[in-house]
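Residue-level listing of the chains:
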Amino acid sequence: MKFGKDLQQYRAPGWEDDYIDYKELKLILKRLEDDDATKDEVDAEFFQALEDNLEKVNRAFLEKCQHLEAVLDQTPVGRERWSAKEPSSRASGGSGGPGTPRHPGTPASLASLSLGPHSSGAADRSGGGVPSPKPARLKATPLGDGREGDAAAAAAEIEAKLAEREFYEAYRMLGRLQTYVWINTKGFQKIMKKYDKRMELRGTAQELGPEFEARLEKEAFCSGKMSILAEMFKSRRPGGVSSSGIAAAGSRPQLQLITGNANSELASEIAARLGVPLTPAKIARFPDGEVSIQILENVRNSDVYIIQPTCPPVNDNLMELLLCASAVRRAAAARVTAVVPYYGYARQDRKERSRVPISAADVAKMMEAMGVDRVCCVDLHCGQIQGFFGPRTPVDNLWATPIAVSYFMTRELNNVAVVSPDAGGVARAKMFREGLEAQGMRASLAMIITQRRSTSELGSEIAQADLVGTVTGCDCIIVDDMIDTAGTLFMATNALKSFGASRVFAFATHGLFNPPAADRIEECAIEEVIVANTIPLPPSVNREARKVRQISVGKLLAQAIKCIHTGDSVQRLFDMDEGVNLLA
């Protein structure tokens, strides 16, 4: 939403000239508003600038990869590998000294590298990274009472700590490089969406965005180079050192992020915003459908965060979450936090009929049984679900409302009315209205009372809708926690228009969009539907629903993970004023 701000915040010092020139590309597109500029002229200039930016980013990425490879070869394990391959490189009298690989132009240490915000503390000031523990001061062990070997032991200890420091400097650079890839990929995707919108191509067969995104996957900076670097990083690990963090005495367990298959795009965004590489994991299926899990990194004594919404296919994604938690718990992780942006089975939170389970509570018990120590969710269907977890498993139920409020503040709305589509959502709509008023936009509150009739054992349809409140001449915002088949949204929109509403918008945190949601949204008179990216948009919605727009909760979850990891309060993330900073 505010990509220019994101780009400014996550630029690594020393790398400023290597990013996409998003501002320049936007200015070229704005020339369409000038009477003197023709579409052909703007096309020629825009696509030439786009190719130049792609070439610049690819070139810079490959240079940084070469730099990191050279740095990893400077670690003791890397030097040993080079020494084994080229015994002649250990010849005495060389400028690099014994055991130094022959890499012309390679820095002798990582101290000269520009590693971005983590190395200078800038990330902590901007909120874009996890603070790294300072390296322990290196002290030689004092010699004993004349015993032989004390000096050698002290020298070995100093060398081991230096090796560990170099290794984690490389780890932080790998995180900076991951952020670099993510922010540039996001920039190219957004500028092509702007192009399609300016050229009025969105939703047509001539739309260029999907084709360009397929091309991006083949560009050097989006290729598998990062995976190769991650493998190289693991192979260069000094003995006794894990990638879970600096094992300095008294330091907190280091942060590690693991993702399942449910929403890898959101997980990558969170990792990039934190500047922490995703811990590699193999999550596959056996021929009979069983889930196979293997964590490919050491997580012993780590603070592990598993990012996995339990969205459709619900049972598969839930099983991945449970088995990932079990795997890291059995691998001796210090703490396991389940980051579940969308909590499946949340609507089965009470007994409405005889002989039915309370599935939301049962899922909570399963997560606890698998060793989950803490849960972080976004907009639970009802807050009481937090009580299904025991007192030893705290739950952070984050709100996407401040982000949505900040988005609607950017829209030109008049005479706003916030509408709850049912009686159960009045508290949510009231909070949304209070958020608007806190940012200076006056709004009224209305509610639709629906009467349903059963159509099957598990389904129902709306038979009648009545309005409490006034919406005549208002810009209405329907606020709900999720959109499933969009039946309620379809009904509410048509009812509001019949009661005299001027325009109708909608915000729901979770966009499930099960069929026929896309058709209903396009058929009704709604202007725009805003959902968070807690759940990936189904292909049918991407393809057919031009009225749906996503806002990101990646920054919200990244900040929450950072606060949990460092022991800080997450209270500020619930402030409506914070939404401006969390809107991405």
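Residues numbered from 1 in each chain as written. Predicted model: local features only at pLDDT ≥ 70, side-chain atom pairs only at ≥ 80, totals over all residues. Heavy atoms only, no water.

Novice: It is not clear to me how the overall build of the protein should be interpreted in this structure. Could you clarify?
Specialist: Counting secondary structure elements, the protein contains 19 helices and 14 strands. Taking all 584 residues of the protein together, the buried fraction comes to 50%. Taking contacts inside the protein between residues at least 6 apart in sequence as the whole, the part at least 24 apart equals 71%. Accessible surface computed for the protein: about 27200 Å², of which carbon and sulfur atoms make up 48%. (Helix = DSSP H or I, 4+ residues; strand = E, 2+ residues; numbered from the N terminus. Buried < 20%, exposed > 50% of the residue type's maximum accessible area, 1.4 Å probe, protein only. Contact = heavy atoms within 4.5 Å. Areas by Shrake-Rupley, 256 points an atom, 1.4 Å probe, with all protein chains shown as cover.)

Novice: Before we go on, may I ask you to explain the packing of helix 13 (residues 401-409) against helix 14 (residues 426-438) in this structure?
Specialist: Each pair of packed helices gets described by two things: the angle between the helix axes and the distance between those axes. Contact pair helix 13 / helix 14: the axes reach a minimum separation of 9 Å and the direction vectors enclose 50°. Between helix 13 and helix 14, the interaxial angle falls into the category oblique. Viewed along their axes, helix 13 and helix 14 form a crossing whose handedness is right-handed. Across the interface between the two elements, Thr401, Ala404, Val405, Phe408 and Met409 of helix 13 pack against Met431, Phe432, Gly435 and Leu436 of helix 14. Residues belonging to the contact of helix 13 with helix 14 are distributed by class as follows: 7 nonpolar, 2 polar and no charged. (Axes fitted to C-alpha atoms, helices over the stretch in contact; angles between N-to-C directions. Parallel < 35°, antiparallel > 145°, perpendicular 65-115°, else oblique. Left-handed = near helix turned anticlockwise from the far one by under 90°. Nonpolar A, V, L, I, M, F, W, Y, C, P; charged D, E, K, R; others polar.)

Novice: What is the right way to look at the environment of Ala325 in this model?
Specialist: Position of Ala325 relative to the elements: it lies in helix 11 (residues 314-330). By relative accessible area, which is 1% here, Ala325 ends up buried. As a C-alpha pair, Ala325 and Met370 span 45 residues in sequence and 6.0 Å in three-dimensional space. In this structure Ala325 touches Ile306, Val336, Met370 and Val372, once residues within four positions along its chain are discounted.

Novice: Hey, could you run me through the packing of helix 10 (residues 264-274) against helix 18 (residues 554-566) in this one?
Specialist: Here helix 10 crosses helix 18 at 55°, and the two axes come no closer than 9 Å. It follows that helix 10 is oblique to helix 18 by the angle criterion. Our pair here, helix 10 against helix 18, has a crossing hand that is right-handed. Here helix 10 contributes Leu266, Glu269, Ile270, Arg273 and Leu274 to the contact with helix 18, which in turn contributes Gly554, Lys555, Leu557, Ala558, Ile561 and Lys562.

Novice: Where do I start with the pairing of strand 5 (residues 335-340) in this structure?
Specialist: Burial analysis of strand 5 places 5 of its 6 residues in the buried class, which makes it a mostly covered element. With respect to chirality, the unit in which strand 4 (residues 303-307) leads through helix 11 into the neighbouring parallel strand 5 is right-handed. Two strands pair when backbone bridges link them, and strand 5 and strand 6 (residues 374-378) are joined in this way by 4 bridges, in the parallel orientation. The residue bridging Thr337 from the neighbouring strand is Arg374, located in strand 6. Read as a crossover between parallel neighbours, the route from strand 5 over helix 12 (residues 359-369) to strand 6 is right-handed. (Right-handed = clockwise from strand over helix to strand, strands pointing away. Pairing = 2+ DSSP bridges.)

Novice: Would you explain the sheet that holds strand 4 in this entry?
Specialist: By way of backbone hydrogen bonds, the strands of a sheet pair with one another, either parallel or antiparallel. Here 5 strands make up an open sheet; going across it, the order is 1-4-5-6-7 and the pairing parallel. What marks the edges here is a single partner per strand, and that holds for strand 1 (255-259) and strand 7 (395-398). Pairwise comparison of adjacent strand axes, ignoring direction, gives a mean angle of 20° for this sheet. Against the sheet, helix 11 engages strand 1, strand 4 and strand 5, with an angle of about 165° to strand 5.

Novice: It is not clear to me how the pattern of salt bridges should be interpreted in this structure. Could you clarify?
Specialist: A pair can form between side chains of opposite charge whenever their charged atoms are brought close. Inspection of every chain in the model, using the stated rule, returns 23 salt bridges. Across the pair Asp6 and Lys186 runs a salt bridge whose closest N-O atoms are separated by 3.0 Å. Within this pair, whereas Asp6 is found in helix 1 (residues 3-10), its partner Lys186 is found in helix 7 (residues 150-198), the two being separated by 180 residues in sequence. Here Lys186 falls in the buried class, since its relative accessible area comes to 12%. For Arg374, the salt bridge identified is with Asp396, shortest N-O distance 2.8 Å. Of this pair, Arg374 sits in strand 6 while Asp396 sits in strand 7, and the two are 22 residues apart along the sequence. For Arg374, a relative accessible area of 22% translates into the label partly exposed. (Salt bridge = Lys/Arg side-chain N within 4 Å of Asp/Glu carboxyl O.)

Novice: Help me understand helix 1, please; the structure alone is not making it clear to me.
Specialist: Given 3.6 residues per helical turn, the α-helix brings residues three or four places apart onto the same face. Within helix 1 the residues assigned to the buried category are Phe3, Asp6, Leu7 and Tyr10. The arc that holds the buried residues of helix 1, viewed along the axis, is 100°, so those residues lie on one side. (Arc of directions from axis to C-beta.)

Novice: Would you take a moment to explain unusual backbone geometry for this structure?
Specialist: For residues besides glycine, phi is generally negative; the peptide bonds are generally trans as well. Here the residue pair Pro312 and Pro313 is connected by a cis peptide bond, since its omega of -5° sits within 30 degrees of zero. With respect to the element layout, Pro313 can be found in the loop between strand 4 and helix 11. A positive phi angle, close to 60°, is found at Asn301, a residue other than glycine. Unlike most non-glycine residues, Tyr345 shows phi in positive territory, near 70°. Along the chain, the position of Tyr345 falls in the loop between strand 5 and helix 12.

Novice: Teacher, can you tell me more about the state of the cysteines here?
Specialist: Covalent bonding between the sulfur atoms of two cysteines defines a disulfide. Using the criterion set out here, one finds 0 disulfides in the structure. Looking at the unpaired Cys377, the closest cysteine sulfur is the one in Cys376, lying at 6.9 Å. (Disulfide = S-S within 2.5 Å.)

Novice: Explain the pairing of strand 7 to me, please; I cannot follow it from the model alone.
Specialist: Walk down a regular strand and you will see the side chains alternate between the two sheet faces. Burial of the side chains of strand 7 extends over both faces: Val395 and Asn397 are buried on one face and Asp396 and Leu398 on the other. As defined by bridge partners, strand 6 adjoins strand 7 across 4 bridges and the pair is classed as parallel. In the strand pairing of strand 7, Val378 is matched with Leu398.

Novice: Would you mind showing me how to read the side chain of Ser552 here?
Specialist: Residue position: Ser552 is located in the loop between strand 14 (548-551) and helix 18. The exposure class assigned to Ser552 is buried, which follows from its relative accessible area of 10%. A distance of 2.9 Å separates a polar atom in the side chain of Ser552 from the backbone nitrogen of Gly554. (Polar contact = N/O pair within 3.5 Å; in protein donor to acceptor, adjacent residues only side chain to side chain.)

Novice: Can you walk me through the packing of aromatic side chains in this structure?
Specialist: Given two aromatic rings, one states the distance between the centres and the angle between the planes to describe the pair. Under the definition given, this model contains 15 aromatic pairs. When the centroid spacing of 5.0 Å and the interplanar angle of 65° are considered together, the rings of Tyr19 and Tyr180 count as edge-to-face. Of this pair, Tyr19 sits in the loop between helix 1 and helix 2 (22-30) while Tyr180 sits in helix 7, placing them 161 residues apart in sequence. Residue Tyr180 is classed as buried on the basis of its relative accessible area of 0%. (Phe/Tyr/Trp six-rings, centres within 6.5 Å; stacked < 30°, edge-to-face > 60°.)

Novice: Can you walk me through the side chain of Asp379 in this structure?
Specialist: Mapped onto the elements, Asp379 comes out in the loop between strand 6 and strand 7. Buried within the structure, Asp379 lacks any salt-bridge partner; Arg428 is the closest side chain of opposite charge, at an N-O distance of 5.9 Å. In this structure Asp379 touches Asn397, Leu398, Trp399, Ala400, Thr401, Thr509 and His510, once residues within four positions along its chain are discounted. (Lys, Arg positive; Asp, Glu negative; His and termini not counted.)

Scope: geometric values only; no functional claims are made or implied.
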